[in-house]
Amino acid sequence: MKILYLLNIFLFLLLFSCNENTSVSDRNSNKYNFDKPDDFPEIIFPENNQYSDAKAFLGQKLFTEKILSRNNSISCASCHLPERAFSSGSPVSFIIDKDLTVRNVPTIMNVTYNKIFNWDGSSNNLEDMIYKDLTLPTVFYNDTNIIVQRLNQNPDYKRLFFEAYGTYDIKAYQISNAISVFVRTLISGNSRYDKFRRGDKNALNESEKRGMDIFFSERTNCSKCHSGLLFTDNQYHNTGTTTHYFDLGRYYVTKNHNDRGKFKTPTLRNIELTSPYKHNGEQITLEDVIDNYNSGGKFFINKDTLIKELNLNQQERKDLINFLKSLTDEKFKK
Ligand code: HEC
Ligand code: HEC
């Protein structure tokens, strides 16, 4: 509960820090004050969806707004829980539609830096993707006209939309744009690993340092795919997660048989908080994930050649897990 409480404070500060005098002109000013470390790339807002405090504020409110969903039952935050680095904690997302595969909810911290979205990369545009969420059977399954109507009936929203867009005529794309602006402000780059990287050599303990060496070694290849500041190469791989791929991942987008069972390399930042793991949520703990890699993954025709038996002993497995846990942002820890 304490974490939850502090997180709320964090979110509150995040959104209000540049917003002390909440006059309309201030909210519309083009400055932002995210928790972005200096060594993280600039946040690029698309030409047609530039940042304003008013949009970010509206977007945050809409993120937790249940009237967006068909039966007023869920919001973005029902699946993307702040205290779990905006992932869900249940093995698969809970809206099930027989035409669509059911997938584990990914974290959306740092999603602003993604080039591709969803496990299969079915979208390369955040604003479009979120617009689709409003209408898709898997998520809100709603008619955007109905959503607009509901928002129009609420004086608070009428005011907030006016502050963000300068008009009382609410448009469906403004809803997803405001949410996208908010989502783009969710930056996470202050873990103990980051402290270490920035020069504080005591930020990691001995076990974590050993785990880091294992992670970045040729022996495991972990960092070949989980590469860079965000621990992803933005590519698709099959890692032998399971023997039966009910979900064929990237194949659905390309229809190329070599892409069967391939999924986007997920970030590992805040991985301690985003259990369960993999596209199908089949691996519940980090121990399960490491055991799967250690054994060389399950047999599958498209398994990546970088995935091989690792022969990590008990201590090495522990060290590797401890390193992964050092990737948790301090703001989720307090
Ligand atoms: C019913 C649960 C659910 C709800 C509600 C939901 N999401 Fe998601 N979200 C998911 C799942 C599952 C995925 C992965 C989908 C896939 O891979 O096909 C996802 C993926 C995403 C991604 C892409 C992340 C990445 O790294 O590729 C973003 C961004 C996102 N959601 C934002 C939102 C926003 C904003 C809302 C509200 C408009 C929302 N989601 C509502 C379950 C949900
Ligand atoms: C060939 C590229 C590749 C290599 C090598 C690799 N991974 Fe992965 N990793 C992936 C992909 C792709 C997924 C998602 C697979 C899926 O969902 O079926 C993944 C998923 C994960 C997850 C779960 C993430 C989540 O959010 O569910 C963890 C943890 C992880 N990898 C850690 C590691 C570690 C530790 C190593 C080294 C022992 C490693 N990976 C090696 C590509 C790779």
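The coordinates are above.
Definitions and cut-offs
Sequence order sets the numbering: in each chain, residues are counted from 1 along the sequence as written. Just so you know, chain letters begin at A and ligand numbers begin at 1, following the order they were written in. Given that the model is predicted, a residue must reach a pLDDT of at least 70 before its local features are reported, and side-chain atom pairs must reach 80 or more before they are shown or counted; all residues, however, enter totals for whole chains, interfaces and linings. Hydrogens and water are ignored here; the side-chain numbers use all heavy atoms of the structure. Here a helix means four or more residues in a row that DSSP labels H or I, a strand means two or more in a row labelled E, and each is numbered from the N terminus. Summary of the burial criterion: residues with accessible area below 20% of their type's maximum are buried, those above 50% are exposed, and those between are partly exposed, where the area comes from a 1.4 Å probe applied to protein chains only. The Shrake-Rupley method, run with a 1.4 Å probe sphere, supplies the accessible areas, and residue values consider only the shown protein chains as cover. Donor atoms (N, O, S) are those found within 2.8 Å of the metal centre, with the cutoff raised to 3.2 Å for Na, K and Ca; water is not part of the atom list, so apparent gaps in a site can occur. Under the classification used here, a metal with four donors is tetrahedral if each angle lies between 85 and 135 degrees, square planar if opposite donors are over 155 degrees apart and the others between 65 and 115, a six-donor metal meeting that same test is octahedral, and anything else is irregular. Working definition: residue near molecule or strand if any one of its non-hydrogen atoms lies within 4 Å of it. What qualifies as a polar contact is a pair of N or O atoms within 3.5 Å, subject to a donor-acceptor requirement within protein and to the restriction that residues adjacent in sequence count only when both atoms come from side chains. Residues are grouped as follows: Ala, Val, Leu, Ile, Met, Phe, Trp, Tyr, Cys and Pro are nonpolar; Asp, Glu, Lys and Arg are charged; all remaining types, including Gly, are polar. The set of buried Ala, Val, Leu, Ile, Met, Phe, Trp, Tyr and Cys residues whose side-chain atoms join them within 4.5 Å is what this entry labels a nonpolar core. Whether two residues are in contact is decided by their heavy atoms, any of which lying within 4.5 Å being enough. Directions pointing from the helix axis toward each C-beta atom define the arc. The pairing test for Phe, Tyr and Trp rings, Trp by its six-membered ring, is centres within 6.5 Å, and the orientation test on the planes gives stacked under 30 degrees, edge-to-face over 60, and tilted for anything in between. Either the NZ atom of lysine or the CZ atom of arginine qualifies as a charge over a ring when it sits within 6 Å of the ring centre and within 35 degrees of the ring normal. Whenever a carboxyl oxygen of Asp or Glu lies within 4 Å of a side-chain nitrogen of Lys or Arg, that contact is scored as a salt bridge.

Enquirer: Would you explain the overall build of the protein chain in this entry?
Expert: Within the protein chain, the regular secondary structure consists of 14 helices and 2 strands. Split into buried and exposed, the 334 residues of the protein chain put 54% on the buried side. For the protein chain, the accessible area works out to roughly 15900 Å², and carbon and sulfur atoms hold 53% of it.

Enquirer: What exactly am I supposed to notice about the coordination of the iron atom of ligand 2 here?
Expert: Reference geometry at the metal: tetrahedral coordination by four donors gives ideal angles of 109.5 degrees; octahedral coordination by six donors gives 90 or 180 degrees. Within the first shell, the iron atom of ligand 2 binds the protein through H226 (NE2) and Y293 (OH), at distances of 1.9 to 2.1 Å. Around the iron atom of ligand 2, the 6 donor atoms sit at angles spanning 86 to 179°, and that spread fits a shape best called octahedral. Placement of H226 in the loop between α11 (222-225) and β1 (236-237) and of Y293 in helix α13 (residues 286-294) is noted, with a sequence separation of 67 residues between them.

Enquirer: What am I meant to see in the coordination of the iron atom of ligand 1 here?
Expert: Coordination of the iron atom of ligand 1 by the protein involves just one donor, H80 (NE2), at a distance of 2.1 Å. As for its position among the elements, H80 is in the loop between α4 (76-79) and α5 (126-135).

Enquirer: Help me understand the site of ligand 2 in this model?
Expert: In the vicinity of ligand 2, 23 residues are found, and the nearest of them are C222, C225, H226, H279 and Y293. A distance of 2.9 Å is found between a nitrogen atom of ligand 2 and a side-chain nitrogen or oxygen belonging to H226. Mapped onto the shell around ligand 2, the elements with two or more residues apiece are α11, β2 (263-264) and α13. Take the shell around ligand 2: its biggest share by element is 3 residues, from α13. In the shell around ligand 2, the residues fall into 13 nonpolar, 7 polar and 3 charged.

Enquirer: I tried to follow the nonpolar core on my own but got confused; where do I start?
Expert: The nonpolar side chains of soluble globular proteins are, as a tendency, buried together. Formed by 38 residues in total, the largest nonpolar core has its most connected members in L62 and I175. Going through the elements one at a time, α3 (53-63), α4, α5, α6 (144-152), α7 (155-165) and α8 (172-184) are the ones with two or more residues in this core. The greatest single-element share of this core, amounting to 6 residues, is contributed by α8. In contact with I175, not counting residues within four places along its chain, are L62, L68, L134, I147, V148, L151 and F161. Counting residues in hydrophobic clusters, the runner-up holds 22 residues, among them M212, F231, L286 and L327.

Enquirer: Explain helix α10 (residues 206-215) to me, please; I cannot follow it from the model alone.
Expert: An α-helical turn contains 3.6 residues, so any two residues separated by three or four positions project in the same direction. Among the residues making up α10, those that are buried are S207, E208, G211, M212, I214 and F215. End-on view of α10: buried residues confined to an arc of 160°, all on one side of the axis. Summarising the geometry of α10, the exposed residues directed more than 90 degrees from the buried face are E206 and D213. Of the surrounding elements, those touching the buried residues of α10 are α9 (192-197), α11 and α14 (314-325).

Enquirer: Please explain the packing of aromatic side chains as it appears in this structure.
Expert: Aromatic ring pairs are reported here in terms of the distance separating the ring centres and the angle at which the planes meet. This structure, assessed with the given rule, holds 16 aromatic pairs. Consider the rings of Y193 and F323, whose centres lie 5.6 Å apart with planes at 85°: the pair is edge-to-face. Here the residue Y193 occupies a position in helix α9, and F323 occupies one in helix α14, the gap between them amounting to 130 residues. An identical accessibility class is assigned to Y193 and F323; each is buried. Here the aromatic rings of F215 and F231 are separated by 5.8 Å at their centres, their planes lie at 65°, and the arrangement is edge-to-face. With F215 in helix α10 and F231 in the loop between α11 and β1, this pair connects stretches of sequence that are 16 residues apart. F231 matches F215 in its accessibility class, with the two residues each being buried. Pairwise contacts between aromatic rings join Y193, F215, F216, F231 and F323 into one cluster. When the ring centre of Y157 is taken as origin, the NZ or CZ atom of K61, which lies over that ring, is 5.0 Å away. The positively charged end of K278 is found above the aromatic ring belonging to Y293, 4.4 Å away from the centroid.

Enquirer: I would appreciate a short explanation of the pattern of salt bridges in the present structure.
Expert: Any two side chains of opposite charge can pair, on the condition that their charged atoms come close. Enumeration over the complete set of coordinates arrives at 20 salt bridges. The closest approach of N and O atoms between D39 and R197, which form a salt bridge, is 3.1 Å. Within this pair, whereas D39 is found in the loop between α2 (24-27) and α3, its partner R197 is found in helix α9, the two being separated by 158 residues in sequence. On the basis of relative accessibility, which here comes to 33%, the residue D39 falls in the partly exposed class. For R197, a relative accessible area of 30% corresponds to the partly exposed category. Via salt bridges that share partners, D39, D194, R197, R198 and R269 belong to a single interconnected network.

Enquirer: How should the environment of Y252 be read in this particular structure?
Expert: Within the secondary structure layout, Y252 lies in helix α12 (residues 251-254). Overall, Y252 belongs to the partly exposed group, its relative accessible area being 33%. A polar side-chain atom of Y252 sits 3.5 Å from the main-chain carbonyl oxygen of F246.

Enquirer: Sorry if this is basic, but what is going on with the site of ligand 1 here?
Expert: Around ligand 1 lies a shell of 27 residues, among which C76, C79, H80, N118 and K264 are the nearest. In this structure, H80 approaches ligand 1 through a side-chain N or O atom, which is 2.8 Å from a nitrogen atom. K264 places a polar side-chain atom, nitrogen or oxygen, 2.7 Å from an oxygen atom of ligand 1. Looking at the shell around ligand 1, the elements that each hand over two or more residues are α4 and α5. Per element, the largest residue contribution to the shell around ligand 1 is 4 residues, and it comes from α5. Taken together, the residues of the shell around ligand 1 sort by class into 17 nonpolar, 7 polar and 3 charged.

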